[in-house]
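Read off the chains here:
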Amino acid sequence: MNFAIRLLAGIVALLIAPTGVAARTPVDLPARPAPVLTSPEARDVASFAQPLTARVTDVALDLTADFRTHRLSGTATLAIDAKPGVGTIVLDTRDLRIDAVTDMKRRPLPFALGAAVADMGAPLTVTIGTARHIVIRYATVPDAAALQWLKPEQTAGKRQPYLFSQGEPNLNRSWIPTQDSPGIRQTWSARITVPQPLTTVMSAAMLTPKAEPAHGGHAFRFRMDKPVPPYLIAIAVGDLKFQALGKRTGVWTEPSMLARAASELRDTESLVSAAESLYGPYRWGRYDVLVLPPSFPFGGMENPRLTFATPTFITGDRSQISLIAHELAHSWSGNLVTNATWSDSWLNEGFTTYFENRIMEARFGRARAEIEADLYWDELQDRIVKLGGLTAPTTRLHGAPFDGDLDYVKGSNFLFTLEKEVGRARLDTWLRGYFDRHAFQPQTTAGLLVDLRANLVKGDTALEQRLDLDAWVFGPGLPANAAHIMSPALAAVDAASTAFAGGAFAASLKTEGWTTQLWLRFLNRLPRQTAAARLADLDTAFALSGSPNGEIRFAWLSLAIANRYDPALASAEAFLTSQGRYKWIVPTYKALLAQGDWGTPAARRIYAAARPGYHPIVTAAVDKLLK
């Protein structure tokens, strides 16, 4: 059966099923499930699953969202691929209430929840016997780690409640009982019932452009026919409207933000075309963006077909459109080829950061791409210092404790270095082939190196020695061949920083036309010890304390708080209570706490007011800081 016919059959089955998606039959599933890697380094220590004996291949959800109790409840129907003679399957859960497990004929199946483990949840072991489809009836807890329930006053429009999920790295087990590991790819579908007039969107094809009548509200159906890692199953429910941006791109958000979001995202269609010109066709159908309320903890989340994005990227000048380029690039690196475990997350973020830079160059020119690449270099040097220096084991790409920033900047520098050593055309040929060879599959660092040597190095011993691959991925610090892309545009910015540090008045500096990236370079190059009068001169000249640009505001507050600049406290309070982006929130609280009796009382007072609006990922981090 060809793909189009098989997909059509699946859609018809969904539409006529009398009891929701749980009634879907095995004929709707892909002919072959995505592989699970068997090598030792592919074992996910953050999952209880034992996929080499019994693994999940498909998840069908039929859930109701209760905004009064802050719970999702209903069923998950799992398709299972088990070895002959295997009679149990182990799933990941976190704080789920499991009410029953049955086979497709509603016959009860024995199950047991194991002891909970911190940051992992508890294993759910089901005795399946010969059953290869099981139905789990369950409910989430009100504070499920992956879900954030917002009151109307916490949204942009202030009219309706809101729900959104954030599954990375392993939080989706708090609302979906499945094998929650990036190396166990699964197709999935969903029927979600929500109160009217709320709209549901998910990271899959929407099968119900008009919601279906349902008990307690109305229902939306979705289907992802390509196997994805479970952390990419995402949901949002709220007062949502849509505006097309191109033939296959669009934006969802609250009505009050729709016009501004659409204007900021007007380059989205051209970004998709630029990405395709580099590394092959976009394989997910549509590419839409959901602009979330301010409490979303990340800049963006690359959920297939529907990137989740913070509203803080909306600055009016498209200066942060690289965020969208980054999340789009994940459609190849991360979503198409996925790290099998989080020990190899650099395969996701490092490749994506390099790809993002290439998209920005293709769309906006070499000069802008050079600026951003040079700033990556700055971040890389800073991160290595903070992690202990060039010889610290914590600066390895593979096997070091998880460090997101290092994954991005050292991982991308590895690709920039390959480009320098073999040439762009040769690297692009290999990288495009790499995405094709491993499409819809998990990958490890060891697997990457095998592919590199087979398809790029090809037995060239001189090239192998020049690339120094093992030192790059297993060694600390930076190998001697690390590529530093330098931007001529930053020289003028550095001159301005030097001039101000030498006593020049801020108003005398030539800053016309500076982009966000140039402002960041300027502020981050200023001396960390700066007198209050000099800070006041900067603030007066450039209105930094009131900047609506979050990146600039954060860089300014980092400098001002370090110098106990009193006017910065009001700016910090407004900043910390108006958005929930992890990369800004947690470091700003750290900076305040580092200032002892000057900053700690302010941090505690601000957090007490701001905490209800933060995502659990953020509150967990700040709670730990404040103990």
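Everything discussed here concerns the structure shown above.
Below you will find a few notes about this structure. Sequence order sets the numbering: in each chain, residues are counted from 1 along the sequence as written. Whole-chain, interface and lining totals are the exception, using all residues; otherwise, since this is a predicted model, local features are given only for residues with pLDDT of at least 70 and side-chain atom pairs are given and counted only at 80 or more. Think of the side-chain values as coming from all heavy atoms in the structure, minus any hydrogens and water.

**Considerations on the pattern of salt bridges**
Here's step 1: By convention in these notes, a salt bridge is any Lys or Arg side-chain nitrogen within 4 Å of a carboxyl oxygen on Asp or Glu. The full count for this structure, using the stated rule, is 37 salt bridges.
Here's step 2: One salt bridge connects Arg159 with Asp239, and the closest N-O pair in it is separated by 2.6 Å. Residue Arg159 is found in the loop between β8 (147–150) and β9 (162–165), and its partner Asp239 is found in the loop between β15 (235–238) and β16 (241–244); the two are separated by 80 residues along the sequence.
Here's step 3: When a residue's accessible area, from a 1.4 Å probe over protein chains only, is under 20% of the maximum for its type it is buried; when over 50% it is exposed; and in between it is partly exposed. Classification of Arg159 as exposed rests on a relative accessible area of 57%.
Here's step 4: Residue classification places Asp239 among the buried residues on the basis of a relative accessible area of 15%.
Here's step 5: Put simply, Asp537 and Arg534 hold a salt bridge, and the shortest N to O gap is 3.7 Å. Pair noted here: Asp537 and Arg534 are both in helix α14 (residues 532–542), with a separation of three residues, about one helical turn.
Here's step 6: Connected through salt bridges with shared partners, the residues Glu361, Arg366, Glu370, Glu419 and Arg424 form a single ionic network. Secondary structure elements follow DSSP: runs of H or I no shorter than four residues count as helices, runs of E no shorter than two count as strands, and numbering proceeds from the N terminus.

**Examining the packing of helix α7 (residues 404–422) against helix α8 (residues 424–437)**
Here's step 1: To define axes, lines are fitted to C-alpha atoms, for helices over the stretch in contact only, and angles between the resulting N-to-C directions are given on a 0 to 180 degree scale. Direction vectors running N to C along α7 and α8 enclose 125°, while the axes themselves pass 7 Å from each other. With respect to their mutual orientation, α7 and α8 come out oblique. Along the contact surface, α7 presents Leu415, Leu418, Glu419 and Val422, while α8 presents Arg424, Arg426, Leu427 and Trp430.
Here's step 2: When residue character is reported, Ala, Val, Leu, Ile, Met, Phe, Trp, Tyr, Cys and Pro are called nonpolar, Asp, Glu, Lys and Arg charged, and the others, Gly included, polar. Residues that form the contact of α7 with α8 fall into these classes: five nonpolar, no polar and three charged. Note on angle classes: values under 35 degrees are labelled roughly parallel, values over 145 roughly antiparallel, values of 65 to 115 roughly perpendicular, and the remainder oblique. Contacts: residue pairs with any heavy atoms within 4.5 Å of one another.

**Regarding the sheet that holds strand β19 (residues 300–301)**
Here's step 1: Any two strands are treated as partners once DSSP identifies two or more bridges connecting them. Across the sheet, five strands lie side by side as β16-β17-β18-β20-β19; this open sheet has mixed pairing. Two strands in the sheet have a free side with no partner beyond their single neighbour: β16 and β19.
Here's step 2: When β19 meets strand β20 (residues 306–309), the two strands line up antiparallel, connected through two bridges. Each bridged residue has a counterpart across the sheet, and for Met301 the counterpart in β20 is Phe308.
Here's step 3: In the packing of helix α2 (residues 255–264) onto the sheet, contacts are made with β16, β17 (249–253) and β18 (287–291), and the angle to β17 comes to roughly 150°.

**Structural notes on the packing of aromatic side chains**
Here's step 1: Here the aromatic set is Phe, Tyr and Trp, taking the six-membered ring for Trp, and pairing holds for ring centres within 6.5 Å; pairs whose planes are under 30 degrees apart are stacked, those over 60 apart are edge-to-face, and all others are tilted. On inspection of all chains with the given rule, the structure shows 32 aromatic pairs.
Here's step 2: For the pair Trp332 and Phe355, a centre-to-centre distance of 5.3 Å together with 70° between the ring planes defines the contact as edge-to-face. Here Trp332 is found in the loop between α4 (322–329) and β21 (337–339), whereas its partner Phe355 is found in helix α5 (residues 346–364), with 23 residues between them in sequence. Each member of the pair, Trp332 as well as Phe355, carries the same accessibility label: buried.
Here's step 3: Clustering of aromatic rings is evident, with ring pairs tying together Tyr279, Tyr282, Tyr287, Trp332, Trp346, Phe351, Phe355, Phe414, Trp430, Tyr434, Phe435 and Trp472.
Here's step 4: The criterion for a charge sitting over a ring is simple: Lys NZ or Arg CZ within 6 Å of the ring centre, and within 35 degrees of the ring normal. Its end group placed over the ring of Trp584, Arg581 keeps NZ or CZ at 4.5 Å from the ring centre.

**A word on the nonpolar core**
Here's step 1: Ile134, Trp175, Ile324, Ile359 and Trp430 are the most contacted members of the largest nonpolar core, which totals 122 residues.
Here's step 2: Discounting chain neighbours no more than four positions away, the residues touching Trp175 are Leu61, Leu63, Leu72, Leu96, Tyr138, Thr140, Ala146, Leu147, Ser165, Met202, Ile233 and Ile235.
Here's step 3: Val493, Trp584, Trp598 and Ala603 belong to the second-largest nonpolar core, a separate cluster that totals 48 residues. What makes a nonpolar core is a set of buried Ala, Val, Leu, Ile, Met, Phe, Trp, Tyr and Cys residues whose side-chain atoms join them at distances within 4.5 Å.

**Section: the pairing of strand β1 (residues 54–66)**
Here's step 1: Taken across its 13 residues, β1 has eleven buried, putting it largely inside the fold.
Here's step 2: Here twelve bridges tie β1 to strand β2 (residues 71–82), and the two strands are oriented antiparallel to one another. Bridge assignment links Ala60 to a residue of β2, and that residue is Thr77.
Here's step 3: Following β1, the chain reverses through four residues before pairing antiparallel with β2; His70 in that reversal takes a positive phi of roughly 60°.

**What to know about the sheet that holds strand β11 (residues 199–202)**
Here's step 1: A sheet is described by the order of its strands in space; here four strands give the open sequence β8-β9-β15-β11, paired in antiparallel fashion. Looking along the sheet, the strands with just one partner apiece sit at the ends: β8 and β11. Between one strand axis and the next, the sheet turns through 15° on average, direction left out of account.
Here's step 2: In terms of strand pairing, β8 meets β9 through four bridges, oriented antiparallel. Residue pairing in the sheet places Leu150 in a bridge with Tyr162 of β9.

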